[in-house]
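# Reading the structure
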Amino acid sequence: MTPLMMAALGLLMVGTSFLSGLFGMAGGLILIGVLLTLMPLPTAMVLHAITQMASNGWRAFLWRSHIRWRPVAVYLVGCALALGAWSITRYVPDKPIALLLLGVTPFMARLMPTGLKPNPESVGQGSFYGFICMGLMLMTGVSGPLLDTFFLGGKFDRRAIVATKATCQVASHFVKLVYFGGIIDQAATLDPVLAAVAIAASMLGTTLARRILEAMTDLQFRIWANRLITTVAGYYIIYGSWLLVVPHMRSS
């Protein structure tokens, strides 16, 4: 990768980490879409995992006093079960399928019956969402839209949502790094310089967002978070559908 391309990716990572630092979401979803466009899927997944581990880890540290540890522990149980299942199949989806899955999942969560609405305090739901989100992570690179919807369904304030979700995501992205960096048949490698740029850029963007998050109200946070999820998820549905349709149009 040329120095110019590496610098451009670094700026993108600062921006997406700033967005995630502000809302606890959306930045990783945007970043993986760009990386999937530029790189083979396994390589994009490994770079995205390193970036998101740095971003979420630093965010969790900055807001460590607001972490709700019980939902984190329950979520990790579901993640472990998903890793076991995916390690057996070693399934890696095509890019259009990955993008469609990214877009559809938040809308599916919103359409659930009232009695099954997301509740991050529930042990059963926490392990279920952990399993589903980890499965999505290993297929699409992110589970943000679904996990965002899960935490927004509870009564946590904006700081608790950002801190708790970030802690869950550190573990999820580490599992993804192990899976795409060593478990699958076409395991990826990564330039260490690019990895260092990704870590530094992610920490910088996360730090810049802290003061703005403190100034927001919980109502503003929830309104804009839901708008972001809807916009980005809708884009991936359109983009994934386009990638599926165009090859068929050209061959017909």
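Residues numbered from 1 in each chain as written. Predicted model: local features only at pLDDT ≥ 70, side-chain atom pairs only at ≥ 80, totals over all residues. Heavy atoms only, no water.

Helix and strand counts for the protein chain stand at 10 helices and zero strands. Along the protein chain, from the amino end to the carboxyl end, the secondary structure elements read α-α-α-α-α-α-α-α-α-α. Taken over 252 residues, the protein chain has a buried fraction of 51%. Contacts in the protein chain between residues far apart in sequence, at least 24 positions, make up 83% of those at least 6 positions apart. Summed over its atoms, the accessible surface of the protein chain is roughly 11200 Å², and 71% of this surface lies on carbon and sulfur atoms. (Helix = DSSP H or I, 4+ residues; strand = E, 2+ residues; numbered from the N terminus. Buried < 20%, exposed > 50% of the residue type's maximum accessible area, 1.4 Å probe, protein only. Contact = heavy atoms within 4.5 Å. Areas by Shrake-Rupley, 256 points an atom, 1.4 Å probe, with all protein chains shown as cover.)

Phe-23 and Phe-221 are the most contacted members of the largest nonpolar core, which has 68 residues in total. It is helix α8 (residues 158-183) that provides the largest number of residues to this core, a total of nine residues. Every residue in contact with Phe-23, bar those within four places of it in the chain, is listed here: Val-162, Met-216, Phe-221, Trp-224, Ala-225 and Leu-228. (Core = buried A, V, L, I, M, F, W, Y, C linked by side-chain atoms within 4.5 Å.)

Now for the environment of Phe-221. When you line up the elements, Phe-221 lands in helix α10 (residues 218-251). The sequence separation of Phe-221 and Arg-159 amounts to 62 residues, and the corresponding C-alpha distance is 9.8 Å. Not counting residues within four places of it along the chain, the set of residues in contact with Phe-221 comprises Leu-22, Phe-23, Leu-152, Arg-158, Ile-161, Val-162, Leu-213 and Met-216.

Any region with low pLDDT has predicted coordinates that should not be read closely. For the protein chain, the mean per-residue pLDDT works out to 80, and 89% of the residues sit at or above 70. Model confidence for the protein chain, summarised as mean pLDDT per element, is weakest for helix α7 (residues 144-152) at 73 and strongest for helix α4 (residues 69-89) at 87. (pLDDT = per-residue confidence, 0-100.)

For helix α2 (residues 27-38), which comprises 12 residues, the first-to-last C-alpha distance of 17 Å matches the rise-based estimate of 16 Å (1.5 Å per residue) to within 8%. Listed in full, the buried residues belonging to α2 are Gly-27, Gly-28, Leu-29, Leu-31, Ile-32, Gly-33, Leu-35 and Leu-36. (Expected span 1.5 Å × (residues − 1).)

This brings us to the environment of Leu-41. Among the structural elements, Leu-41 can be located in helix α3 (residues 41-62). By relative accessible area, Leu-41 is classed as buried at 10%. Sequence separation of Leu-41 and Met-139 is 98 residues, and the distance between their C-alpha atoms is 9.9 Å.

Here we take up the packing of aromatic side chains. One pair of aromatic rings is described through two measures. These are the centre distance and the angle between the planes. In this structure the tally under the stated criterion is nine aromatic pairs. Their ring planes at 35° and their centres at 6.2 Å tell us that Phe-151 and Phe-156 sit as a pair that is tilted. Here the two residues Phe-151 and Phe-156 agree in accessibility, since each one is buried. Ring geometry for Tyr-235 and Tyr-239: centres 5.8 Å apart, planes at 25°, overall stacked. You can see Tyr-235 and its partner Tyr-239 sitting in helix α10, four residues apart, about one turn around the helix. Among the aromatic side chains, those forming a connected cluster through ring pairs are Phe-128, Tyr-129, Phe-150, Phe-151 and Phe-156. For the cation-ring pair, Arg-64 lies above Phe-61, with the distance from its terminal atom to the ring centre recorded as 4.2 Å. (Phe/Tyr/Trp six-rings, centres within 6.5 Å; stacked < 30°, edge-to-face > 60°. Lys NZ or Arg CZ within 6 Å of the ring centre and 35° of its normal.)

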